[in-house]
Amino acid sequence: MRRDTLRLLSWLTSFCVLLNSANVARSADDKAQAKPVDFSHDVVPLLKKHCVGCHSGPDAKGGFSISTRELLLDAGGAKPGNSAESYMIELITSTDPEMRMPPIEKPGLNGDEVAVLKRWIDEGLKWENGFAFGPRTYEPPLLPQRPELPPAVDGRTHPVDRIVDAYFAEHDIARPVVVDDEAFLRRVSLDLTGLLPPPEVRDEFLADQNPEKRTLLVRRLLDDDIAYAEHWLTFWNDLLRNDYSGTGFITGGRKQITNWLYRSLVENKPYDQMVRELLTPVSGAEGFVQGIRWRGNVSAGQRQEIQFAQNVGQALLGINLKCASCHDSFIDRWTLEETYGLAQIYATEQLTLHRCDKPVDRTVGPGWLFPEIGNVDPQAAQPERMKQLAALVTHPDNGRFTRTIVNRLWHRLMGRGIVHPVDAMHTQPWSVDLLDYLAADLLDRGFDLKQALELICTSQTYQAATPPIEHAPDEGSFVFRGPLPRRMTAEQFVDSVWQLTGAAPTQFDAQVVRAVISSDEISGPAEEATLTARWIWSTADAASPGPPGGQQLSLRRTFDLPAVPVRAAAATTCDNEYVLYINGQQVAADTNWESVELVGIQSRLRAGKNEILVVAKNGGSGPNPAGLIFEARIALPVLSGAAPAMVTIASDEQWQWAPQIPDARGRFRDPKPEWQPAVLIAQPQVWASRANPQLQSLLTRATTGEIHMVRASLLKADELMRALGRPNRDQIVTSRPTDLTTLEAIDLANGQRLADAIVSGASSAASRYQGAPDELIDWLYAYALSRRPTKEERTLAIDYLGQMSEPTRVEDVLWSVVMLPEFQLVR
């Protein structure tokens, strides 16, 4: 009976998660019948045609204004979710000549138009944030602003608190209390690293009497470069449209930026530098500006050049140019010509304007959206135009750039942007001063994103308790009262379950080296494992006089591994250029022999036979030096408690070369390669003094040190992550669904992947705490919820577990805790 009771409680808990969402998604059948009404394209033209002429602006007839959503609601014109009781629908469908709108002497709305308005109201009267019929009432400044800080109140001297306290006073809002240490520890750990704080970390933090311990904790979390990078990789993958599989990858119409992005986060690269490297772009970062080359016939608005304009506008400036890619925007001031002008900066041929996918006899030259701070030279070559654009986007006078990113960070940490939605930066913030202060501070601190996060997280505003919310506020009526509770992302949820269960996989899909490697370490002396790689080519005299310029050849090494590696990295360089394939998949390429590339290859290796293939090319026209050096270090799993066994694969006489060159996927067509032994180069000192120390230092630091739990952000999305809201990233994603859907509830309750993890974790816990159910419960609550169980929770769980002779009972308890809203929310 007790087992059945707990199962029922678990199901009720899962259902509570569903009820805690603000809305429940419609069924799949409902969604299939009709897609949601598009406000910009379906509603705005219709209202302009029939209603705006008389019922907008200060002289709206009869005092009935539809200029904004708020005015429409104030006039009693619509009841969101119920068109049958909406006055607007009554007016436009009336048969009374005295009542019908538009007036009887004007054409009325046809049946299809009425149906659109009914559906729009029934779907919640969605309105583009900041949009108004009539002149705009707010235009954000472009230049950075430096607000004067209000006086500190009650000793709250933190600049964020000073601004927010003044806001609270102005709006007569009681200041929320600060959460206790347990809640703060869990919240900030999940926010900055995406991980639950282990019980021993919780105990240490609670025992710490240092009054500055919260600030020190924030810094310690941000200093964990790997955990920080692998958590925020989710945010940046969404924002920069980067993924490990999906549309375009198989056909070569899309490129990852994963390795460049991962290293940028691990190194905490300044944000302005990141953006310049995206827009110029540097090696490994080209995928952002290139977008996706769609197969078949596509609309003009999906050309790669137009995608470029849309992506730069949305991701970097908080501007929605998708509407203005088809026609002048209905929702803000951007025009079709401005979108094409931005696209023309990237274009290598002249674009013809298309309005609503139909060509018009007009072209525009390259143009920047904010000429107040400068423009690109329309006569310059494309690479120079891109360089000029990068300088304009990151210009210190471009306040839109800094405001956009700090607003995104605030949204991520607090549940709602200072400007909301985050891609509508033309909308008035709820606190202009707060947004301006955060943006100016980011600029002053050299675009250091970690310092921006620290500034927010060390404020008592961030550390405040989440306010009770009865219903979602209408757009335009939002008043800030404190941080909002947020659902874990799919990756946070999966990582947290893996922490509790120990069920994380050992392999991952992202081609990254999970190590901290600073520029000082790369150039400094290498004290560890000696480099064994040698410079090789097809002839010994490759260094002098060298082979002919333009010579290409393939070099390979095959080898067997007894097991799948737990870690593997490769470093290589080639004079002059190379493409590296591991088991038929391209993993690296470079055209500068003076640089050494380090790439993670763990995800490309397998137990059994493996092949490393390098397509090498000499530069120049006449004879000149050419050579390849490569070394991989591969850590294999061993018995518990021992260090991983290391296998080294290095360029030497065991390699082979052939004159044949494979296709773009590393496959050889007829004729088959004529493999011959590779040759050690007789005079490698032409390169060795510069390249060899870099290879040695990079490899040592990449293949030693702690082995971290594989994170969900490094994996392709599976059924569970997709059900929990992870997008496919064919488009830029700046906010994920906040509501739990029926599909998610079903997957949480019945999904095999989650069930397998729970079973594995329960087995381990039962073995570890055999005969001590009280210790198991204390550990589980401390790890999952960062608190001790209440007396009632503890009694119920211990009574149910008994002596844990039935492993399924441990599974039930573990599953019940994971299903708690308290577990799945960051609050």
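Residues numbered from 1 in each chain as written. Predicted model: local features only at pLDDT ≥ 70, side-chain atom pairs only at ≥ 80, totals over all residues. Heavy atoms only, no water.

Student: Residues and numbers for the packing of aromatic side chains, please.
Tutor: Across all of its chains, the model carries 26 aromatic pairs by this definition. On the numbers, 4.9 Å between centres and 35 degrees between planes, the contact of phenylalanine 39 with tryptophan 127 is tilted. One end of the pair, phenylalanine 39, is in helix H3 (residues 39–50); the other, tryptophan 127, is in the loop between helix H6 (111–122) and helix H7 (159–170), and 88 residues separate them in sequence. Relative accessible area serves as the criterion here: at 6%, phenylalanine 39 is assigned to the buried category. Relative to phenylalanine 823, the ring of phenylalanine 493 has its centre 6.0 Å away and its plane inclined at 75 degrees; by these criteria the two rings are edge-to-face. (Phe/Tyr/Trp six-rings, centres within 6.5 Å; stacked < 30°, edge-to-face > 60°. Helix = DSSP H or I, 4+ residues; strand = E, 2+ residues; numbered from the N terminus. Buried < 20%, exposed > 50% of the residue type's maximum accessible area, 1.4 Å probe, protein only.)

Student: Account for the sheet that holds strand S7 (residues 577–582), with residues named and values stated.
Tutor: The sheet built from six strands is open, its strands ordered S8-S7-S10-S5-S13-S14 with antiparallel pairing. Where the open sheet ends on each side, the last strands, each with one partner, are strand S8 (585–590) and strand S14 (676–677). Where strand S5 (residues 552–561) and strand S10 (residues 608–617) come together, 10 bridges link them in antiparallel fashion. Bridge pairing links glutamine 552 to lysine 617 in S10. (Pairing = 2+ DSSP bridges.)

Student: Give a detailed account of the confidence of the model for the chain, specifying residues and quantitative values.
Tutor: Looking at the chain, pLDDT values average 87 and 91% of them are 70 or higher. Note on residues 1–33: pLDDT under 50 across the span, and 49 contacts to partners over four residues away in sequence or across chains. For residues 519–528, every residue scores under 50 in pLDDT, and the model assigns this stretch 15 contacts once sequence neighbours within four places are set aside. (pLDDT = per-residue confidence, 0-100. Contact = heavy atoms within 4.5 Å.)

Student: Any chance you could break down helix H19 (residues 432–444) for me, citing the residues and the numbers?
Tutor: For H19, spanning 13 residues, the distance from its first C-alpha to its last is 18 Å, which sits close to the expected 18 Å at 1.5 Å a residue. Residues of H19 that are buried in the fold lie against H7, helix H18 (399–414) and helix H20 (449–457). Glycine 446 sits one or two residues past H19 and shows a positive phi near 70 degrees. (Expected span 1.5 Å × (residues − 1).)

Student: Tell me about the environment of methionine 425, and name the residues and values.
Tutor: Here methionine 425 is to be found in the loop between H18 and H19. The buried category is assigned to methionine 425, whose relative accessible area is 4%. Note: C-alpha distance between methionine 425 and glutamate 139 (286 residues apart in sequence) is 9.6 Å. When residues no more than four places from it in sequence are discounted, the contact partners of methionine 425 are Pro140, Leu317, Gly318, Arg400, Arg403, Thr404, Asn407, Val419 and Leu435.

Student: Go over the environment of tyrosine 167 with me, naming the residues and quoting the values.
Tutor: With respect to the helices, strands and loops of the structure, tyrosine 167 is situated in helix H7. Judged by relative accessible area, which is 6%, tyrosine 167 ranks as buried. Put simply, tyrosine 167 and threonine 95 are 72 residues apart on the chain and 50 Å apart in space, counted from C-alpha to C-alpha. For tyrosine 167, the contacting residues outside a window of four places in its chain are Ile173, Trp430, Phe478, Val479 and Phe480.

Student: Break down unusual backbone geometry for me, with residues and values.
Tutor: For the peptide bond that leads from methionine 101 to proline 102, omega is -5 degrees, which places it in the cis range. Mapped onto the elements of the fold, proline 102 is located in the loop between helix H5 (87–93) and H6. Cis geometry marks the peptide bond from aspartate 575 to asparagine 576, where omega comes out at 15 degrees. Structurally, asparagine 576 is set in the loop between strand S6 (567–575) and S7. Of note in this structure, cysteine 356 is not a glycine but carries a positive phi near 55 degrees. As for its position among the elements, cysteine 356 is in the loop between strand S1 (354–355) and strand S2 (358–359). By relative accessible area, which is 46% here, cysteine 356 ends up partly exposed.

Student: Any chance you could break down the side chain of lysine 213 for me, citing the residues and the numbers?
Tutor: With respect to the helices, strands and loops of the structure, lysine 213 is situated in helix H10 (residues 213–223). Owing to a relative accessible area of 8%, lysine 213 belongs among the buried residues under this scheme.

Student: Outline the nonpolar core, supporting the account with residue identities and numerical values.
Tutor: In this structure, Trp236, Leu279, Trp410, Phe493 and Phe823 are the most contacted members of the largest nonpolar core, which totals 154 residues. When residues of this core are assigned to their parent elements, the largest contribution, nine residues, is made by helix H11 (residues 225–240). Ignoring sequence-local partners within four residues, the contact set of tryptophan 236 consists of Arg241, Leu261, Leu265, Tyr271, Ile405 and Leu449. (Core = buried A, V, L, I, M, F, W, Y, C linked by side-chain atoms within 4.5 Å.)

Student: Any details on the packing of H7 against H19? Residues and values, ideally.
Tutor: Contact geometry for H7 and H19: axes closest at 9 Å, N-to-C directions at 170 degrees. In terms of their interaxial angle, H7 and H19 are classed as roughly antiparallel. For the pair H7 and H19, the contacting residues are Pro159, Val160, Ile163 and Val164 in the first and Asp433, Leu434, Tyr437 and Leu438 in the second. Taken together, the residues of the contact of H7 with H19 sort by class into seven nonpolar, no polar and one charged. (Axes fitted to C-alpha atoms, helices over the stretch in contact; angles between N-to-C directions. Parallel < 35°, antiparallel > 145°, perpendicular 65-115°, else oblique. Nonpolar A, V, L, I, M, F, W, Y, C, P; charged D, E, K, R; others polar.)

Student: So what's going on with the environment of aspartate 377? Which residues, and what values?
Tutor: Relative to the assigned elements, aspartate 377 resides in the loop between S2 and helix H17 (382–393). Separated by 3.0 Å, the side chain of aspartate 377 and the backbone nitrogen of glutamine 379 make a polar contact. (Polar contact = N/O pair within 3.5 Å; in protein donor to acceptor, adjacent residues only side chain to side chain.)

Student: Account for the pairing of S5, naming residues and giving values.
Tutor: If a strand is regular, its side chains alternate between the two faces of the sheet. Of all 10 residues making up S5, seven are buried, and the element is well covered by its neighbours. Both S5 and strand S13 (residues 656–658) contribute to a ladder of three bridges, which runs antiparallel. If you follow leucine 555 over to S13, its bridge partner there is tryptophan 657.

Student: Could you give an account of the packing of H11 against helix H12 (residues 258–266), with specific residues and numbers?
Tutor: Running from N to C, H11 and H12 cross one another at 130 degrees; their axes reach a closest spacing of 9 Å. Here H11 is positioned oblique relative to H12, judged by the angle of their axes. As for the relative orientation of H11 and H12, their crossing is right-handed in sense. Contacts from Asp225, Ile226, Tyr228, Ala229, Glu230, Trp232, Leu233, Trp236, Asn237 and Leu240 of H11 reach H12 at Leu261, Tyr262, Leu265 and Val266. (Left-handed = near helix turned anticlockwise from the far one by under 90°.)

Student: Which residues make up the pattern of salt bridges, and what are the values?
Tutor: By the definition in use, this model includes 46 salt bridges. The partner of arginine 403 in a salt bridge is aspartate 436, and the shortest N-O contact between them spans 2.8 Å. Residue arginine 403 is located in helix H18, and its partner aspartate 436 is located in helix H19; the two are separated by 33 residues in the primary sequence. The buried category is assigned to arginine 403, whose relative accessible area is 5%. Take aspartate 436: its relative accessible area is 6%, and that puts it in the buried class. We note a salt bridge from arginine 667 to aspartate 663, for which the minimum N-O separation is 3.6 Å. Within this structure, Asp238, Asp243, Glu491, Arg726, Arg729 and Arg736 form a network of salt bridges that share partners. (Salt bridge = Lys/Arg side-chain N within 4 Å of Asp/Glu carboxyl O.)

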